[in-house]
Amino acid sequence: GAGVSQSPSNKVTEKGKDVELRCDPISGHTALYWYRQSLGQGLEFLIYFQGNSAPDKSGLPSDRFSAERTGGSVSTLTIQRTQQEDSAVYLCASSLDSSALYGYTFGSGTRLTVV
Amino acid sequence: AQTVTQSQPEMSVQEAETVTLSCTYDTSENNYYLFWYKQPPSRQMILVIRQEAYKQQNATENRFSVNFQKAAKSFSLKISDSQLGDTAMYFCAFMKHGGSNYKLTFGKGTLLTVNP
């Protein structure tokens, strides 16, 4: 597509429920990233996918968080048993390759609210 | 590990005036890239300007320019002739060059308001 597409735009969920956030990167971009933006904070790296290589999961805050990328394109970030501290904006980005020397192209994010 | 500090949580400027946003960073790397991103209320992060550490010349993109001081590890953003559409959060970010250089490390942002 023309840009990075994320869905849903907003999600309200009850504490303890599971949620899935979707990211559709720019066509042809091999690298995909997830970041979390909490209120008053900068962006926190969560996970990185590059082609068919094993992802870098070093930023995932707990084992309740997982992500997959199917066919080297669409990615899904899953949060199990959501907690109130999971409330944040989840941003997805993609880049042409792993060097990302010109930065990333971001989506508009999913605002997750856990009540 | 790299850290990025933006010491101004909020700033305001009158339309048509000039404003400078500060950013400092800490790294032991010699080769790296620095970025300024803008995040308007739409939430989408937009790349404003990019600087390569090995280049001494400061990057410029239309009304946006940077003052890159490598020795001082400072990377400020100057916005000239401010416009209402410049109102946004601005994030400074660092990326090391080479190896696993794909991670961007962000500061906490500066909220800029341009007043009419």
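Our structure is the block above this text.
Residues numbered from 1 in each chain as written. Chains lettered and ligands numbered in written order. Predicted model: local features only at pLDDT ≥ 70, side-chain atom pairs only at ≥ 80, totals over all residues. Heavy atoms only, no water.

Pulling in residues and values, what's your account of the environment of Ser73 of chain A?
Residue and element names in this part refer to chain A. Position of Ser73 relative to the elements: it lies in the loop between β6 (65-69) and β7 (75-79). What makes Ser73 partly exposed here is its relative accessible area of 29%. For Ser73 and Ile26, which are 47 residues apart along the polypeptide, the C-alpha to C-alpha distance reads 8.5 Å. Those residues in contact with Ser73 that lie beyond four places of it in its chain are Asp24, Pro25 and Leu32. (Helix = DSSP H or I, 4+ residues; strand = E, 2+ residues; numbered from the N terminus. Buried < 20%, exposed > 50% of the residue type's maximum accessible area, 1.4 Å probe, protein only. Contact = heavy atoms within 4.5 Å.)

Talk me through the side chain of Arg50 of chain B; I want residue IDs and the actual numbers.
Positionally, Arg50 of chain B belongs in strand β6 (residues 46-52). At 2.8 Å, the side chain of Arg50 of chain B forms a polar contact with the side chain of Glu52 of chain B. If sequence neighbours within four positions are ignored, Arg50 of chain B has contacts with Leu101 and Tyr102 of chain A together with Tyr33, Leu34, Phe35 and Ala59 of chain B. (Polar contact = N/O pair within 3.5 Å; in protein donor to acceptor, adjacent residues only side chain to side chain.)

Tell me about the environment of Val114 of chain A, and name the residues and values.
Residues and elements named next belong to chain A. By the element assignment, Val114 lies in strand β10 (residues 110-114). Along the sequence, Val114 and Gly40 sit 74 residues apart, while their C-alpha atoms lie 17 Å from each other. When sequence neighbours within four positions are dropped, the list of residues in contact with Val114 reads Thr13, Glu14, Lys15, Thr82, Gln83, Gln84, Asp86 and Ser87.

Tell me what's going on with the state of the cysteines, and back it up with residues and numbers.
Structurally, a disulfide amounts to a covalent bond that connects the sulfur atoms of two cysteines. Here the structure, examined in full by the defined rule, presents two disulfides over all chains. Two residues, Cys23 of chain A and Cys92 of chain A, share a disulfide whose sulfurs are 1.8 Å apart. The sign of the -65 degrees torsion about the S-S bond sets the Cys23 of chain A-Cys92 of chain A disulfide as left-handed. You can see Cys23 of chain A sitting in strand β3 (residues 19-24) and its partner Cys92 of chain A sitting in strand β8 (residues 88-95), a full 69 residues away along the chain. Across this residue pair, the class does not change: Cys23 of chain A and Cys92 of chain A are buried. Disulfide pairing is shown between Cys23 of chain B and Cys92 of chain B; the S-S distance is 2.0 Å. Across the S-S bond of Cys23 of chain B and Cys92 of chain B the torsion is about -70 degrees, and the bridge reads as left-handed. Highlighted residues: Cys23 of chain B in the loop between β3 (19-21) and β4 (24-26) and Cys92 of chain B in strand β10 (residues 88-96), separated in sequence by 69 residues. (Disulfide = S-S within 2.5 Å.)

Give me the interface of chain B and chain A: which residues, what numbers.
Many descriptions give the size of an interface as the accessible area lost when the pieces come together. Contact with chain B, which involves 20 residues of that partner, is made by 28 residues of chain A. Here chain B is connected to chain A by one salt bridge. Lys103 of chain B is paired through a salt bridge with Asp56 of chain A; the nearest N and O atoms lie 3.5 Å apart. Connecting chain B to chain A are nine residue pairs in polar contact (both at pLDDT 80 or more). Where the side of chain B that touches chain A is concerned, the elements lending two or more residues are β5 (32-39), β6 and β10 of chain B. Among the elements that take part in the side of chain B that touches chain A, β5 of chain B stands out by supplying four residues, more than any other. (Salt bridge = Lys/Arg side-chain N within 4 Å of Asp/Glu carboxyl O.)

Report on the sheet that holds β6 of chain A, specifying residues and quantitative values.
Residues and elements named next belong to chain A. The antiparallel open sheet is built from four strands, whose spatial order is β1-β3-β7-β6. Two strands in the sheet have a free side with no partner beyond their single neighbour: β1 (5-7) and β6. On average, each strand axis in the sheet is tilted by 15 degrees relative to the strand beside it, whichever way the strands run. Here three bridges tie β1 to β3, and the two strands are oriented antiparallel to one another. Across the sheet, the residue bridging to Gln6 is Cys23, located in β3. (Pairing = 2+ DSSP bridges. Axes fitted to C-alpha atoms, helices over the stretch in contact; angles between N-to-C directions.)

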